[in-house]
Amino acid sequence: MTSEPQRLQYLDAMGLTAWVGRYQLPNALPTEACEWPEPVVAEPVAPQARLHALIEEAPQPTVSSPQAEPAPARAPGPSPAASARALLGMAPAEASVATAVATGGESSSTASWGTPPAQATTETVVEAQATPPADQPPLRFSVQLAALDGRWLVMLPGDEAPHLEGEALLKALWRAAGITPTTDLTFSHFRWPLLANLKASAPLDEAREGLRAFLNGPARRDWQPERVLIFGNREDCATLREVLGITSSSGNAETSSLLDIPVWQGPELATLARSSDAKRQLWPLLIRWGKAWSRGMTEGTSS
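In this text, all values refer to a predicted model and were calculated from it rather than measured experimentally.

Criteria and cut-off values
- Residues numbered from 1 in each chain as written.
- Predicted model: local features only at pLDDT ≥ 70, side-chain atom pairs only at ≥ 80, totals over all residues.
- Heavy atoms only, no water.
- Helix = DSSP H or I, 4+ residues; strand = E, 2+ residues; numbered from the N terminus.
- Contact = heavy atoms within 4.5 Å.
- Areas by Shrake-Rupley, 256 points an atom, 1.4 Å probe, with all protein chains shown as cover.
- Buried < 20%, exposed > 50% of the residue type's maximum accessible area, 1.4 Å probe, protein only.
- Pairing = 2+ DSSP bridges.
- Axes fitted to C-alpha atoms, helices over the stretch in contact; angles between N-to-C directions.
- Phe/Tyr/Trp six-rings, centres within 6.5 Å; stacked < 30°, edge-to-face > 60°.
- Lys NZ or Arg CZ within 6 Å of the ring centre and 35° of its normal.

Chemist: What am I meant to see in the overall build of the protein here?
Modeler: Along its length, the protein carries 10 helices and 7 strands. Here the analysis covers contacts within the protein between residues at least 6 apart in sequence; of these, 69% occur between residues at least 24 apart. When the accessible area of the protein is evaluated, it comes to approximately 21,300 Å², of which 55% is carbon and sulfur surface.

This is how it looks when you write it as C-alpha cells:
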C-alpha cells in the first residue's frame, strides 16, 4: 500500500499539485498521522568546481605492462576532459579560462581565448606595433566657428563667441568688401579634446580627425568651404594653425593642407575695432575679398 508521503511524491513528479486540508471538516475521517521527510538541499557548487570534479573523476588511461601486447590502434576520440567540458556546455576556450580562474593560474594548452600561444604572441606584437599606446598628452585648442553663407569659414580662437561689437565689425567688413550674405553668422564652439582626461596615441592626427568630423557634422553638411578667415593672434592660434596644416606658398599666400583651401589670418576683432592702422592695412584686402566672393558665386552659378 502506498503511504501518503509516497503518494504526494508521485503527484509532484507528475506535475500535479497536492492539496492538503488545513482544517478538519465535520464528520470527516481523522487525518492520518505520518512523518514527513525533510527535503535535503544540496549546497550550491560553483561551475568551476563541478568542472574540476568531472575532470578529476574521469578515468585515467591505464599503463600496460611491458609484457602485454600493444592495443590495436584506433581513431583518436575526445579526451575525458573534453567530454566533461561538453557535458557542461562549455566551448574549449571557455573551459580553459574557467579552469585557469578556478586554479588561480593560466591554462597551458590555450592562450587568449582559444588562440594557440605562438599565434597569440604574434598577434599581440603586431597589434602593439600597429597601435601605439594612448599615453601622450593631446593637443588642446578652442575655437568659435561659423560659415559665411556656407562658403567662407570664420574662425575665432577662444571659448567665447563675438559680442555685439565684434558682430557689428564683421558686418561692416562684409559691406566694405561688397559681400552681401543671405544669413547672419551663427558661431559654434569646438574644443579639443572632447574629454578633459583624454590621452592620445597620435595627438596631431587625432586632433585633425576631430576637427574634420566636426566640420562634417549634420548641422554643417551644407557647408562648402572655399576659404578660411582667422581673426586672432598667431600666438593664440599656434595649435589651431598646426591642426589646420597651414603652410605658406608663393606670394606669402597661406593654404590649409587639412581643408585644401586658402587661409587668411589677421588681428583679433577687439584689436581691429580699436586700431585705425589695422583697418587701413585691411582695406586693400577687402577689395580682393569682394572679387573672390563674386567670382565664387559666378562659378557656382555656372556649375
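Chemist: Just to check I follow, could you spell out the pairing of strand S1 (residues 141-148) for this structure?
Modeler: Residues in a regular strand point their side chains to alternate faces of the sheet. In terms of burial, S1 is largely enclosed, as 8 of its 8 residues are buried. Residues Phe141, Val143, Leu145 and Ala147 point to one face of S1 and Ser142, Gln144, Ala146 and Leu148 to the other, with burial holding for every one of them. The pairing of S1 with strand S3 (residues 188-192) spans 5 bridges and is antiparallel. Along S3, the bridge assignment pairs Phe141 with Trp192. By the bridge criterion, 6 bridges tie S1 to strand S2 (residues 152-157) in an arrangement that is antiparallel. Within S2, the position partnered with Leu145 by the bridge is Met155.

Chemist: Can you walk me through the sheet that holds strand S5 (residues 246-248) in this structure?
Modeler: Hydrogen bonds along the backbone pair up the strands of a sheet, which may run parallel or antiparallel. On the basis of which strands lie adjacent, the open sheet formed by 7 strands has the order S3-S1-S2-S4-S7-S6-S5 and mixed pairing. Each having just a single partner strand, S3 and S5 make up the two edges of the open sheet. Within the sheet, the average angular offset between the axes of one strand and its neighbour, ignoring direction, is 30°. As defined by bridge partners, S5 adjoins strand S6 (residues 254-256) across 3 bridges and the pair is classed as antiparallel. Bridging from a neighbouring strand, Ile246 pairs with Ser256 of S6. Its contacts with the sheet place helix H7 (residues 203-215) against S1, S2 and S3, and it is angled at close to 160° to S3.

Chemist: Where do I start with the packing of aromatic side chains in this structure?
Modeler: Each aromatic ring pair is characterised by the separation of its centres together with the angle its planes make. For the structure on display, the rule yields 8 aromatic pairs. Ring plane angle 50° and centroid distance 5.8 Å describe the contact between Phe141 and Phe190, whose orientation is recorded as tilted. On the criterion of sequence distance, the pair formed by Phe141 in strand S1 and Phe190 in strand S3 is long-range, its members being 49 residues apart. Comparing Phe141 with Phe190, the two get one shared label, buried. Arranged with centres 6.5 Å apart and planes meeting at 45°, the rings of Trp174 and Trp289 form a pair that is tilted. In this pair, Trp174 is assigned in helix H6 (residues 164-177) and Trp289 in helix H10 (residues 276-302), connecting sequence segments 115 residues apart. Each of the two residues, Trp174 as well as Trp289, counts as buried. Taking NZ or CZ as reference, Arg220 lies 3.9 Å from the ring centre of Phe214, over its face. A cation sits over an aromatic face here: Arg227 above Trp152, 5.1 Å from the ring centre.

Everything listed is a geometric property; what it means functionally is a separate question.
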